[in-house]
Each structure stands twice: as C-alpha cells, then as structure tokens.
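This is what each chain is made of:
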Amino acid sequence: MSPPDRRSAEDLADATLVRRIRAGDRGAVDDLYERFRRPAFALARRILADDVLAEDVLQDVFLSVWRDPSAYDRARGSFASWLLAMVHHKAVDAVRREESQRRRQSRAGEELVLAAPVEAQDVEAEAWARVVSERVRSALGLLPAAQREALTLAYYGGYTQREVAALTGAPLGTVKTRMLAGMRRLKEELGGVAGGASLGGALGGPAPVDGSNR
C-alpha cells in the first residue's frame, strides 16, 4: 500500500473508531486501545520512566476519549497526533504530581537541599525547563496544521522522519521541510527563549532522524 493510501486507510479507521465511541460502543475503546497502545505506552514510559505510571496514564487517556470524544478536532491534525499529544500532556502532569509528593515526603530535609549550591542550580534549571516546555507547547498551537502534525509525531510520538512521511502521506523531503520550518517558527514565536537544543528537550527529546531507531 502506498503512503497516501495507507494514510487514508488509517484516517478512515480512526474516524470509524471515533464514531463508534460517540455512539456509545464500549467495544470501540478496546479497539482503540489495541490500535494505539504501543506508541502511547512508549511515549508515556519515556517521560515517566515507570511502567505502572505509564499504564495509569494510558488508562486516563483512553477513559478521557470515551467520556468526551468530541474533544478531538479533525481540523487540528490527525487523530494519532492529537492522541499522542494528550498522552504527553498527561504524562507530564503525572511527573509533576510525583515530584510534588516526593517534595512533601522529603520536607524534613528541605533545608539541607537548599543549602547545597549544586542542588539549587539543578532545581532552577528544572524550573526553567518547565517554563520553556509550556511556552513551546503553546507556540505549537500557532503553527500550520501540517508543521504541527510533523513535529508532534516526531517529538511526542518518537517516529523517524521516514515514518512520519508514511503516517502523513507526504514525501520525506516535504516532512523534513515542514519540520525545519516549524522549528524556525517556534523560535520566532518564543522570541529567543530557547535555542534549537532547548526546543528539542522541551518537545520531549531530539527528533529521531530518518533511519534511526525509536
């Protein structure tokens, strides 16, 4: 099956699943889980570094789709990129909850941590990275749909550029151009807040290039 045909078939399958969910077909959620579990779990696991927490995030995501399938707006990109973006968002939220709980549990040692210059620098750097990540996520919403979709699949989904091309039905050269243009636009929107390396980190890590392994 050629890339355009494959993309069309996948879009049709996703649209059918969404329609079934909206119609109250509980079996559709199971089908959706089987269809997207592997890339969704890989993304959540990469962010959380914990299998149990990653599974919890997946359950939350698919339950959210079941409760409000109308949240997906086809005009903003493919269902796959929308779902993976939700996984990324909820996984980051889970990291924050875990960090908050650990801070409460270790409050007795807070003074010692604050007294260590290296630790203080790490906390400051982490806080700044979160600010950059939030601003990058907001800036992504301003990109043209094709650029946003390519960057979302590459950075959030961990797909290579060749795989992004297959998923979107676009030539590999077009995908590379879209990603480059999208990154340049993000830098403009951020006003120099983050350089290329920081943008990659804020988006979830460096984008896998053509031919690399996820």
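Residues numbered from 1 in each chain as written. Predicted model: local features only at pLDDT ≥ 70, side-chain atom pairs only at ≥ 80, totals over all residues. Heavy atoms only, no water.

Colleague: Explain the packing of helix H7 (residues 145-156) against helix H9 (residues 172-190) to me, and be specific about the residues and the numbers.
Modeller: Packed helix pairs are characterised by how far apart their axes lie and by the angle those axes make with each other. Two elements in contact, H7 and H9, have axes whose closest approach is 8 Å; the angle formed by their N-to-C orientations is 100 degrees. Taken as axis vectors, H7 and H9 run roughly perpendicular relative to one another. Where H7 abuts H9, its residues Ala146, Gln147, Ala150, Leu151, Ala154 and Tyr155 lie against Arg178, Met179, Ala181, Gly182, Met183, Arg185 and Leu186. (Axes fitted to C-alpha atoms, helices over the stretch in contact; angles between N-to-C directions. Helix = DSSP H or I, 4+ residues; strand = E, 2+ residues; numbered from the N terminus. Parallel < 35°, antiparallel > 145°, perpendicular 65-115°, else oblique. Contact = heavy atoms within 4.5 Å.)

Colleague: Break down the nonpolar core for me, citing the residues and quoting the values.
Modeller: Within the largest apolar cluster, 49 residues are counted, with the highest numbers of intra-cluster contacts made by Leu32, Val57, Phe62, Phe79, Leu83, Leu151 and Leu186. Among the secondary structure elements, those contributing two or more residues to this core are helix H1 (3-22), helix H2 (26-48), helix H3 (51-67), helix H4 (79-105), helix H6 (117-140), H7, helix H8 (161-168) and H9. Counting residues per element, this core draws most heavily on H2, at 10 residues. Each of two domains, domain 1 (9-108) and domain 2 (123-193), supplies a minimum of three residues to this core. (Core = buried A, V, L, I, M, F, W, Y, C linked by side-chain atoms within 4.5 Å. Buried < 20%, exposed > 50% of the residue type's maximum accessible area, 1.4 Å probe, protein only. Domains from an automatic or database assignment.)

Colleague: Describe unusual backbone geometry, and please don't skip the residues or the numbers.
Modeller: The phi dihedral of Ala49 falls on the positive side, at around 55 degrees, and the residue is not glycine. As for its placement among the helices and strands, Ala49 is situated in the loop between H2 and H3. For Ala49, a relative accessible area of 55% puts it in the exposed group.

Colleague: A description of H7 should follow, citing residues and the corresponding values.
Modeller: Compared with the 16 Å implied by 1.5 Å per residue over 12 residues, the 15 Å span of H7 between its first and last C-alpha is a close match. Most of H7 sits out of view: 10 of its 12 residues are buried. Restricting attention to buried positions, one finds in H7 the residues Gln147, Arg148, Glu149, Ala150, Leu151, Thr152, Leu153, Ala154, Tyr155 and Tyr156. In the stretch just after H7, Gly158 is the one whose phi turns positive, near 75 degrees. (Expected span 1.5 Å × (residues − 1).)

Colleague: Describe the pattern of salt bridges, listing the residues and the values that go with them.
Modeller: Taken as a whole and judged by the stated rule, the model has 6 salt bridges. Notably, a salt bridge pairs Arg20 with Asp31, separated by 2.9 Å at the nearest N-O pair. Of this pair, Arg20 sits in helix H1 while Asp31 sits in helix H2, placing them 11 residues apart in sequence. Taking relative accessible area as the criterion, Arg20 reaches 25% and is therefore assigned partly exposed. With relative accessibility at 36%, the residue Asp31 sits in the partly exposed group. (Salt bridge = Lys/Arg side-chain N within 4 Å of Asp/Glu carboxyl O.)

Colleague: Can you explain the packing of H8 against H9? Please cite residues and give values.
Modeller: Remark: H8 packs on H9, axes separated minimally by 9 Å, with the N-to-C direction vectors making an angle of 105 degrees. Considered as vectors, H8 and H9 are oriented roughly perpendicular to each other. On the side of H8, the interface is formed by Gln161, Arg162, Val164, Ala165 and Thr168, while H9 contributes Leu172, Val175, Lys176 and Met179. When grouped by side-chain class, the residues that make up the contact of H8 with H9 number 5 nonpolar, 2 polar and 2 charged. (Nonpolar A, V, L, I, M, F, W, Y, C, P; charged D, E, K, R; others polar.)

Colleague: Tell me about the environment of Val61, and please be specific about residues and values.
Modeller: Positionally, Val61 belongs in helix H3. Put simply, Val61 and Val87 are 26 residues apart on the chain and 6.3 Å apart in space, counted from C-alpha to C-alpha. Here Val61 is in contact with Leu83, Met86, Val87 and Lys90, once residues within four sequence places are set aside.

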